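Each chain, letter by letter, is given below.
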Amino acid sequence: MKTSSHRILLFAATLLVAGCNSETPKHDLDANRDVVGKYHRVWSNGQVAVLDTLVAPDFVYHFLNGVEYKGIEGAKQFIAGHRQSFPDWQEEIVDMISEGDKVVTRYKSTGTQRGEFNGLAPTGRKVTIYETSIYRIANGKLAEQWGFPDAVSMNAQLEAKK
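The following refers to the structure shown. Source: prediction; values computed, not measured. (Residues numbered from 1 in each chain as written. Predicted model: local features only at pLDDT ≥ 70, side-chain atom pairs only at ≥ 80, totals over all residues. Heavy atoms only, no water.)

**Regarding the pattern of salt bridges**
Put simply, the rule reads: We count a salt bridge whenever a side-chain nitrogen from Lys or Arg sits within 4 Å of a carboxyl oxygen from Asp or Glu. By definition, any uninterrupted DSSP run of H or I lasting at least four residues is a helix, any uninterrupted run of E lasting at least two residues is a strand, and each is numbered from the N terminus. Per-residue accessibility, obtained with a 1.4 Å probe over protein chains only, is compared with the maximum for each type, and a residue is labelled buried under 20%, exposed over 50%, and partly exposed between these values.
Evaluated as defined, the whole model comprises seven salt bridges. Across the salt bridge formed by Asp-95 and Arg-106, the nearest N and O atoms sit 2.8 Å from each other. Residue Asp-95 is located in strand E3 (residues 90-99), and its partner Arg-106 is located in strand E4 (residues 102-112); the two are separated by 11 residues in the primary sequence. A residue is classified by how much of its surface remains accessible, and Asp-95, at 35% relative accessible area, is partly exposed. Linking Asp-101 and Lys-102 is a salt bridge whose minimum nitrogen-to-oxygen distance equals 3.3 Å. Lys-102 sits in the partly exposed class, given a relative accessible area of 31%. Within this structure, Asp-52, Glu-73 and Lys-76 form a network of salt bridges that share partners.

Following this line, the structure appears as structure tokens:
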């Protein structure tokens, strides 16, 4: 009887240890969150050279409206162009959630339109919108982003009659 109990106990322990050594990839959630936080800071400070260390070469940004940009250079050009329209652009993270290789942020974006934006001449108006983005992290870098800006609110603020 003791031999049978020992075998069952040994079998259960083996299953437990095997389950702990699974091949499921481990994700460093804090490191993933840090990469995303640094990326938001680039949007706020315009220091696009930092993207070389944050963005994967095959990075893809998907906007809700179907617009995409790709790669490190695409990210640099897009952010620099946006900051020409809104030189004081700031992004303040309100919420951040991470799980596995994904990080989600909800953030408050503000800026004053000083350059052309989506065909609209500079208005000098300050806008405040809330955005949500989902990021996929691979090998410690941003691999993909899905962006959901509140474009309706932004356009209403830019086009509002004084």
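**As for the nonpolar core**
Defined as follows: Here, nonpolar core refers to any group of buried Ala, Val, Leu, Ile, Met, Phe, Trp, Tyr and Cys residues whose side-chain atoms link them within 4.5 Å. It only takes one pair of heavy atoms within 4.5 Å for two residues to be counted as in contact.
Counting 28 residues, the largest nonpolar core has Tyr-39, Leu-51, Val-55, Phe-59, Tyr-69, Leu-142 and Met-154 as its most contacted members. For this core, the secondary-structure elements that each account for two or more residues are helix H2 (29-45), helix H3 (51-54), strand E1 (55-63), helix H4 (71-85), E4, strand E5 (126-138) and helix H5 (151-159). Setting aside anything within four residues of it in sequence, one finds Leu-142 in contact with Val-35, Val-36, Tyr-39, Leu-54, Val-55, Ala-56, Phe-59, Tyr-135, Arg-136 and Ile-137.

**Focus: the sheet that holds strand E6 (residues 141-149)**
Threshold: Note on pairing: two strands pair once DSSP finds at least 2 bridges between them. Axes, fitted as lines to C-alpha atoms, cover a helix only where it is in contact. Angles between the N-to-C directions of the axes lie from 0 to 180 degrees.
The six strands lie next to each other as E2-E1-E6-E5-E4-E3, forming an open sheet whose pairing is mixed. At either margin of the open sheet sits one strand with a lone partner, and together these are strand E2 (68-70) and E3. Taken pair by pair, the neighbouring strands of this sheet meet at an average axis angle of 15 degrees, ignoring direction. As paired strands, E4 and E5 are joined by 11 bridges and run antiparallel to one another. Bridged to Lys-102 within E5 is Arg-136. Seen against the sheet, H4 touches E1, E2 and E4 and runs at an angle of roughly 50 degrees to E1.

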